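Chain by chain, the residues run as shown.
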Amino acid sequence: TNITPQQHGMNAGPWEGLESYSRDLAQQGNELYIYCGHGFDGQKKRKTIGENGVLVPDFGWKIVVVVPPGKGSPLSRITETTRVI
């Protein structure tokens, strides 16, 4: 899934920029493997949203593996020179 609550500063800033850049890379014919997650920094007071009090993570991370177009499976085209963001 690509749905998670986010702090506005991240969602409107670096996260959005990387998502936009990733779309550009895909439109250029690359295949992307995207790994991401979120976490909490250990503070006691947590921000929540919605009626059910969904916790908003304190930070997020994302790794994008850019696989150029070519023959064979995308996994077979990953080498030591494959771009990782």
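Residues numbered from 1 in each chain as written. Predicted model: local features only at pLDDT ≥ 70, side-chain atom pairs only at ≥ 80, totals over all residues. Heavy atoms only, no water.

Colleague: When you look at the overall build of the chain in this model, what are you seeing that I'm missing?
Modeller: Helices and strands together make up the secondary structure of the chain, namely two helices and five strands. Listing each helix as α and each strand as β along the chain from the N terminus yields α-α-β-β-β-β-β. Its C-alpha radius of gyration of 16 Å places the chain more than 25% over the 12 Å reference for a compact globule of 85 residues. Taken over the C-alpha atoms alone, the chain extends approximately 50 × 20 × 20 Å along its principal axes. In the chain, the proportion of contacts linking residues at least 24 apart, taken out of those at least 6 apart, comes to 50%. (Helix = DSSP H or I, 4+ residues; strand = E, 2+ residues; numbered from the N terminus. Rg over C-alpha atoms; globule rule 2.2 N^0.38 Å. Contact = heavy atoms within 4.5 Å.)

Colleague: Which parts of the structure should I look at to understand the sheet that holds strand S4 (residues 59-67)?
Modeller: Consider a sheet: its strands pair through backbone hydrogen bonds, and that pairing is either parallel or antiparallel. In spatial order, the strands read S1-S4-S5; together these three strands make up an open sheet with antiparallel pairing. What marks the edges here is a single partner per strand, and that holds for strand S1 (31-39) and strand S5 (83-84). One ladder, built from two bridges, connects S4 with S5; its direction is antiparallel. Bridge pairing in S5 links Val66 to Arg83. Helix-sheet contacts for helix H2 (residues 14-27) involve S1, S4 and S5, and the interaxial angle to S4 is about 15°. (Pairing = 2+ DSSP bridges. Axes fitted to C-alpha atoms, helices over the stretch in contact; angles between N-to-C directions.)

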